[in-house]
Structures are given as C-alpha cells and as structure tokens.
Amino acid sequence: MTTLSLISRNCGSGGGNSDWAIECGLQTGVHKDFFVGGLLLGSVRRRNGVWLKNLGGSRIRSRNRFHVVAKIQKGKKHDYPWPDDIDPNLSSGHLSYLSYFKPLTEKPKPVTLGFEKPLVDFEKKIIEVRRMADETGLDFSDQISSLESKYQQALKDLYTHLTPIQRLTIARHPNRPTVLDHILNITDKDKWVELHGDRAGYNDPAIVTGIGSIDGKSFMFIGHQKGRNTKENIERNFAMPTPHGYRKALRMMKYADHHRFPIITFIDTPGAFADLKSEELGQGEAIAQNLRTMFGLKVPIISVVTGEGGSGGALAIGCANKLFMLENSAFYVASPEACAAILWKSAQAAPKAAEKLRITAQEHYRFKIADGVIPEPLGGAHADPVWTSQQIKFAITQAMEELGKMDTEELIRHRMLKYRSIGGFQEGTPVEPERKRNMKLSDLNAAKAGDLEAELEDLKKKILDAAGPSDPITSEKLEKLKEDVDQEISNAFISMGLQEKLESLQLELSKASDSSDNQTLNLLKEKVDRIMLEFYHNLTRPGAYLGLKQKLEMLNMAHRLIELKEKGEKLKTEINQKVPAEVIAKMEVLKEAQKKLSEGDPFDEELVEEVERAKKELIEVLKSADLEIIYVKNRNIPPPPPDLAENIAKVNEEIVKEIERAINVTGLSEKIVELRAEIAKGSSVETVEKLKAEIQDQIVAVMDVTTLKEEFEKLNVVDLESPEG
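What counts as what
- Residues numbered from 1 in each chain as written.
- Predicted model: local features only at pLDDT ≥ 70, side-chain atom pairs only at ≥ 80, totals over all residues.
- Heavy atoms only, no water.
- Helix = DSSP H or I, 4+ residues; strand = E, 2+ residues; numbered from the N terminus.
- Buried < 20%, exposed > 50% of the residue type's maximum accessible area, 1.4 Å probe, protein only.
- Contact = heavy atoms within 4.5 Å.
- Patch = residues over 30% accessible without salt bridge, like charges linked within 9 Å, V, L, I, M, F, W, Y side chains within 5 Å.
- Areas by Shrake-Rupley, 256 points an atom, 1.4 Å probe, with all protein chains shown as cover.
- Salt bridge = Lys/Arg side-chain N within 4 Å of Asp/Glu carboxyl O.
- Lys, Arg positive; Asp, Glu negative; His and termini not counted.
- Charge placed at Lys NZ, Arg CZ, Asp CG, Glu CD.
- Pairing = 2+ DSSP bridges.
- Arc of directions from axis to C-beta.
- Axes fitted to C-alpha atoms, helices over the stretch in contact; angles between N-to-C directions.
- Parallel < 35°, antiparallel > 145°, perpendicular 65-115°, else oblique.
- Nonpolar A, V, L, I, M, F, W, Y, C, P; charged D, E, K, R; others polar.
- Core = buried A, V, L, I, M, F, W, Y, C linked by side-chain atoms within 4.5 Å.
- Phe/Tyr/Trp six-rings, centres within 6.5 Å; stacked < 30°, edge-to-face > 60°.
- Lys NZ or Arg CZ within 6 Å of the ring centre and 35° of its normal.
- Expected span 1.5 Å × (residues − 1).
- pLDDT = per-residue confidence, 0-100.

> Can you tell me about the overall build of the protein, naming the residues and giving the values?
Along the backbone of the protein there are 25 helices and 14 strands. Counting only residues that meet the buried cut, the protein has 34% of its 725 residues in that class. Considering only contacts in the protein between residues 6 or more positions apart, those separated by 24 or more positions represent 72%.

> Please give an account of a negative patch on the surface that cites residues and values.
A contiguous patch of negative charge on the surface is contributed by E476, E479, E483 and D486. When you line up the elements, E476 lands in helix 16 (residues 475-495).

> Describe the pairing of strand 7 (residues 192-195), naming the residues involved and giving the relevant values.
Side-chain alternation along strand 7 places W192 and E194 on a buried face and V193 and L195 on a face that remains uncovered. Across four bridges, the pairing between strand 7 and strand 8 (residues 207-214) is antiparallel. Residue pairing in the sheet places V193 in a bridge with I211 of strand 8.

> So what about the environment of E148? Which residues, and what values?
Take E148: it is sitting in helix 2 (residues 141-160). According to the relative accessible area criterion, E148 is buried, its value standing at 16%. Spatially, the C-alpha atoms of E148 and G547 are 9.8 Å apart, while their sequence positions differ by 399 residues. When near neighbours in sequence (up to four residues on either side) are disregarded, E148 contacts I126, R130 and L546.

> I'd like to hear about helix 4 (residues 179-186), residue by residue, with values.
Of all the residues in helix 4, the buried ones are V179, L180, H182, I183 and I186. Down the axis of helix 4, the sector holding all buried residues measures 160 degrees, keeping them to one side.

> Account for a nonpolar patch on the surface, naming residues and giving values.
Taken together, the side chains of I342, L343 and W344 define a hydrophobic patch exposed on the protein surface, amounting to about 320 Å² of accessible area. Looking at the secondary structure, you find I342 in helix 10 (residues 336-343). For I342, a relative accessible area of 58% translates into the label exposed.

> Describe in detail the pattern of salt bridges, supporting the description with residues and values.
Counted by the stated rule, this structure contains 11 salt bridges. Note that R228 is salt-bridged to E232, the shortest N-O span being 2.8 Å. Residue classification places R228 among the buried residues on the basis of a relative accessible area of 17%. The class for E232 is buried, based on a relative accessible area of 16%. For E285, the salt bridge goes to R247, with nearest N and O atoms at 3.0 Å. Taken as a pair, E285 in helix 8 (residues 283-294) and R247 in helix 6 (residues 243-259) lie far apart in primary sequence, 38 residues in all. A single salt-bridge network, built from bridges that share partners, covers R172, K226, D268, E308 and E337.

> I'd like a description of the side chain of E116, backed by residues and values.
Position of E116 relative to the elements: it lies in the loop between strand 6 (64-70) and helix 1 (117-136). The side chain of E116 sits in the buried core without any salt bridge; K117 is the nearest counter-charge, 9.4 Å away. Contacts of E116, omitting those with residues within four sequence positions, involve V111, Y159 and G379.

> Please set out the packing of helix 10 against helix 11 (residues 350-357) residue by residue, giving values where relevant.
For the pair helix 10 and helix 11, the least separation of the axes is 8 Å and the interaxial angle reads 105 degrees. Our classification of the angle between helix 10 and helix 11 gives roughly perpendicular. Contact residues: helix 10 offers P336, E337, C339 and A340, while helix 11 offers A350, A353, A354 and L357. A class-by-class count of the residues in the contact of helix 10 with helix 11 yields seven nonpolar, no polar and one charged.

> Can you break down the nonpolar core residue by residue, with the values?
Across soluble globular proteins, you tend to see nonpolar side chains buried next to one another. In this structure, M220, I222, M253, I263 and F331 are the most contacted members of the largest nonpolar core, which totals 29 residues. For this core, the secondary-structure elements that each account for two or more residues are strand 8, strand 9 (217-224), helix 6, strand 10 (263-269), helix 8, strand 11 (301-310) and strand 12 (322-326). The residues touching M220, leaving out its near neighbours within four places in the chain, are L195, G210, I211, M252, Y255, A256, F261, P262, I263 and I264. In this structure, F101, L180, I186 and I214 belong to the second largest nonpolar core, which totals 24 residues.

> Please set out unusual backbone geometry residue by residue, giving values where relevant.
The phi dihedral of F238 is positive, around 55 degrees, even though this residue is not glycine. Among the secondary structure elements, F238 is positioned in the loop between helix 5 (230-235) and helix 6. Residue F238 is classed as partly exposed on the basis of its relative accessible area, which comes to 41%. Look at S311: it is not a glycine, yet its phi comes out positive at around 55 degrees. If you trace the backbone, S311 turns up in helix 9 (residues 311-315).

> Explain the environment of T178 to me, using residue names and the numbers behind them.
For T178, the position within the fold is in the loop between helix 3 (164-171) and helix 4. Not counting residues within four places of it along the chain, the set of residues in contact with T178 comprises F101, Q225, K226, G227 and R228.

> An account of the side chain of R167 is requested, with residue identities and associated values reported.
With respect to the secondary-structure elements, R167 resides in helix 3. This buried residue, R167, is left without a salt bridge; E327 holds the nearest opposite charge, at 4.3 Å. Ignoring any residue separated from it by four or fewer positions in sequence, one finds R167 in contact with Y159, T160, L162, E327, N328, T360 and Q362.

> Outline the environment of E660, listing residues and values.
Its location among the elements puts E660 in helix 22 (residues 642-666). C-alpha separation for the pair E660 and M703, spaced 43 residues apart in sequence, amounts to 9.7 Å.

> Outline the packing of aromatic side chains, listing residues and values.
Aromatic ring pairs: the centre-centre distance and the angle between the two ring planes describe each pair. A full pass over the atoms with the stated rule returns six aromatic pairs. Linked through ring pairs, W192, F219, F221 and F266 together constitute an aromatic cluster. Over the ring of Y419 we find K418; its NZ or CZ atom is 5.8 Å from the centre of that ring.

> How would you explain helix 8 if you had to name every residue and give the values?
An α-helical segment advances 3.6 residues per turn. Residues three or four places apart therefore align on the same side. Spanning 12 residues, helix 8 covers 17 Å between terminal C-alpha atoms, matching the ideal 16 Å at 1.5 Å per step. Along helix 8, the residues that are buried comprise Q283, A286, I287, N290, T293 and M294. Down the axis of helix 8, the sector holding all buried residues measures 130 degrees, keeping them to one side. Looking at the buried side of helix 8, the elements it contacts are helix 6, helix 7 (276-280), strand 11, helix 9 and helix 14 (408-420).

> Please give an account of the confidence of the model for the protein that cites residues and values.
The predicted model of the protein has a mean per-residue pLDDT of 76, with 69% of residues at 70 or higher. Model confidence for the protein, summarised as mean pLDDT per element, is weakest for strand 4 (residues 39-40) at 35 and strongest for strand 10 at 97. Across residues 439-447 the pLDDT falls below 50, and counting only partners more than four positions away or on other chains, this stretch makes nine contacts in the model. Low pLDDT, under 50, characterises residues 717-725; the predicted model gives this stretch 15 contacts beyond four residues in sequence or across chains.

> Quick one: what's the story with the pairing of strand 8, residue by residue and with numbers?
Taken across its eight residues, strand 8 has eight buried, putting it largely inside the fold. What you see with strand 8 is no split at all: I207, T209, I211 and S213 on one side and V208, G210, G212 and I214 on the other are buried throughout. Here strand 8 runs beside strand 9; their pairing, made up of eight bridges, is antiparallel. Within strand 9, the residue paired with T209 across the bridge is I222. The antiparallel pairing of strand 8 with strand 9 creates a hairpin that spans two residues between the two strands, and D215 there sits at a positive phi of about 55 degrees.

Structure, rendered in structure tokens:
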C-alpha cells in the first residue's frame, strides 16, 4: 500500500472554498454529492474512479485539505520477442528481434510416413549388411554398391509414382517447412518485419503478414502459418484463421496496393476455422470481401501453395495472377476425409476420394488452374527446406519479370481472365465415358522391391557363412574408424555445397578469436547452427550417404561399449575396495561348496548354513556400495557325474509311477479332467486352487512315501540345487 498526502494552504476569498477528500483504489466507486442550497441534486457510481464530496456547502474555510490514498498492484510483465540482455551497441539486425518466430531449441524428431517404412527398413538392413561385411574383413563392396544403386532407383520410383493420398500425407508432414521458414529463407538478410492486427478486433496468429525484400525489391507477404510442434500448432490454431485473420490480410493487401508493393501469398491451411464464434463474427463475409477486393487490386499478386489448401479458407488469399504449387502440395474444395464421410459414409474411403477430387499439383497444372509446379527434393520439402525455398524464390522472380511488364489495367484483366478460363464447357459434344486411372504403384516397382529384399537376404546369408569370430574393439580400429568418419564428413560437406560456407566461417572465427564482442560471437554461433542444420537435413534424406550413416552408427556403438566397459571396471574396483577380507574368504567358501556339488560330494548342514550367511553378508556389502539388489541369480551348475544322473532318473521314474498308481486307486481321472476344463474356461483362481488341493491331498494319502524316501536317501545328496535367493 502506498499512501500520498498533500496539504494545500490556499486562502479562500470568501465564496465557495471547499474541503475535498479523494481516495483511489483498485476496487473503488465514484460517488459525487453536490449540495446546492442544501438540496441533493444526484449521485453517480462507477468502477475504478474516485469519491468527490463537498463537505462544506456554503461554509467558508481558510485552507483546503487534499488527501490521496493509492494501492499499486504489480502488473504482469509483457512477453516481448526480444531478450532482456539485448546488446545496446547493436548496429544491424534490429528487425530479427521484433519477430516471435525464433529457431527451435530442440531439433524436430524424424517422422516416417506409412508408405515410407518399407524402404526405411530396407535402408537400415543395408547399413547392417555393410557393418557385417566390415566385421568379417571380406570384400563385398561390389554387391553392396549394387544393392545401394537399386535402392536409390526404388526410392526414386516411389516418390515419382506417389498416389494422391500419399502426396497429401507429405503435405501434412509434421516437419514440413512453414510459411515463415520459407519467408526467412527467400528474403534478404534482416529485411523482413512482421505486421500485426486487423484494427477491428485482435491479431490472429493463424495468418502472418509483413514486408520483406527479395533482391532489394519490397514485397508484401501474407500466408497461413502452421506450428512446428504441438504447442505452436495450438497457438496458431493449426493454421485455421478466424474472420480477424482474413481482415488482417485484407488490411495488408490495401496497404500494399496503396504503396505499390507486389503481394506474395503462401497457402497452407486445412480451411477456415468453423466454430460458432467465427460464424457469429462473419466468417463467410470476411472471405467474400477478400475475394472481391483481390480482383480489384492494382499490383501483381503471386500465390504459392506450400502445403494443403482447403476450400474458401485458402482461396481467400489465393486470387492471384500466378498460382504455383509445390510438387507434393494439395488444393481441394473439401478434404478427402470429409468427402469420403459424405459420399461413402466412411473416412476409410479417403484414398478413393483423393483420386476423384483431383487434388494434386500435377492435376491442377493439367487443368490450367496452377501456372506451374515447383519441384521438391526427394522425400519432400522437409528433406531440404533451404533448397525448396530457393526453388520458390526462383519461381517468384520469374513470374515478377513477366507481371512487371504489365500496366494496371493489364494486371486486373489478366487476373480476371485466369479465373474465367477455369472450368470451360463444350456444347453439342458427346460426353466422354468415365475413364479409370490406376494411381497405385505399378506391379513392376513392387516386383523390384521384392527382388531387392531377396537379394539383400542372400548377401546377408553369405556374409554370415563367411564370418568368423568377431574381434574385440581395439584403439587402433577405433582411430581408423574416426579417420574414415572425418573423411566421409568432409566429402559430404563438399557434395552438399557447404565447404565454402565452412571455410568462410573458419576465417571469421579466426578473426574473432581475440575479440570479446558478444554480438559477433552470437552471430557466428547462429551461422554455425544454420550450417549444421542444413547438413543434418541433407544427411537424413532417405537413401543419402548410407556409408557415412553406417560408420557414424558404428562409432556411436563403439563409444557406448567403451563407456559401459569403463563404468563396469570402475564399479568393480569400488565394490572390491568395500568388500572386507572376511567376506572374500566366505566367497571362497561358496566356490568350494559349488565345486563339491558338481563332484557329487554330500553337503553337511554346517556348510549349508555358512553358505547362506556368506550370501547375506555379500548382499549387505553390495547395498552399502549404493547398489540396488533386484534379484539373486543362481549360477549354472555343472551336470552331475553320469552314475549320479542315472540314479536320479531312476528315482524320478519311480515317483511318476507311484503318482499314476495313486491316481488309479483313488479314481481322480475325472477330477483332473474337471480341473483342466475349469482352467480352459478361465474360472476363478479360488475354484482352480480348491480343485488342485483336493487332488493333491488324495494323492498324498495313498502314496507309499516311505519307499520313495528310502530311494531318495540312497542318492546321498542333500540338495542338488543351490538355495534360492
């Protein structure tokens, strides 16, 4: 509580000096009483205000008293996108601090789609075969190289002949680059700033807008933004905009039209958000306003479908002069799952619906809806996001060269004619009968995959037949493996085109080694992270750098084994230091007892008790070393001598015969059948145990236990099994 008192000492001149009391608080009201000639004119109450009261009426006072009481509550700290310890001497890169879109702290986990699993498993098998061949020391390089080349061809055939539902699955891949990823990859360095809000409600994070430059020319960017993980997807509402998002996009389009900025839109949404609140706020009206306005804008508009484009939610920012689609993107009026649920009453028919809807980029280009198909790397855009973004930049640059030559009227007419030509019709021409298209993988490719599997198994068998005993890991082998991995990584950097970037970065690091400038070091760290991220993405592409992957796996396994061995030796040393000499002597007693048992010598009772005591003391020593005893395992006891084993077999045979005789005498056959029936039908444990007890009691009652005991004592063995722990 903060209290502030102010005293004002102004002398009144005689007319209406007043004594005012003002009190402020978080939960206060306003109450004003005005006395004019002793008459109360009115009172007013309101929240978060003050009380004003004229206490004196017509009385004259010589001084005024002013008293303020205020309660200050600490406000919530705003979540700004820039860090608290920002460098005050920052000379460039200011715009990057204004964006909430920061690099992820953890790399996204690799996700394998259903149709990719067979080839991914096959790749692991090739790596395993290569490892087995290296262990044997035999040369199977020709056979493995042949398998790898066939695998690469099978991989290429798979992604060339994808079905529509498979392409849609790739478009929805969790690791697929988002709109902001593409924008940051194609814009000039530190030349992108995000703009927010529709000035009529709030800022919808499902649509991002902003200004950026490509090769020095400014553009207005608008796009649907998905999240890179579950948390971001919830914040972005899974890229499903509300009316505020579309009105924000409309505001930015008018802004771009006023300042003559070309507009680039990125489409990646399942559709507009269809909840009750959005409908109440005018979802359909907001989309319609965008459609009408976009056809009248006087600047070039280019749209790129980067993922999935769902219905009017996608079209609301997609009425463009040029429409491009990534190779594995999709554009549809209704999702295949929704279409299948409506037409076939089951979402399981989604693959069939995807074929009928013609949702792929190739179909849209064939029907002249899309103006071009932008290629993706093998495996999808997530396999190499930077390369994909550069392909988008190339398509945008080419389109702008064409559209930049048109004046305002030509741009508007070009946009109108593009959509007027979609869905042409013919009159007086017989309708072509329905054509069936086989969108599945060809049988030829399936046969190839089967042949590859068989060939791999044959090679694996040959290696196993030729394999001898595996050699232990030696320091020389480990050093040789490290050298091979270093060489493979160097070759991979060269083939990925990262060698020049690495060399320039090394030069910058050498210059900045003596510098203590945190800003420079942070910038260099960001460059290193970008290079390593690009290397990681290229390395994880399906079928790429199999030899390097196999050697990295071997190196990791070797390090794990060495680490486990070192931990084991350290633990063994610690335990030996904590074990007293008396316990070590008793461990020798255990070994001696085991030796006597294996030779068939009888145990005396004192030796058995001593063994038990030694066991308990050893367990206590292990517990004192902070080790948890989960269970005590009996060692494998060597087989008894042949004559002893023969005697044991005879006794067992006599026991079995005696049990059979007891069953026949007591007539327990029906009881045993009843017990089996109860177990088969899953009766309660109580019922089963009760039947077992009855059978056992009747058998024991009629058995000749004395004879069996005599036969057992003839063996001259106290116990053939070590006591259980």
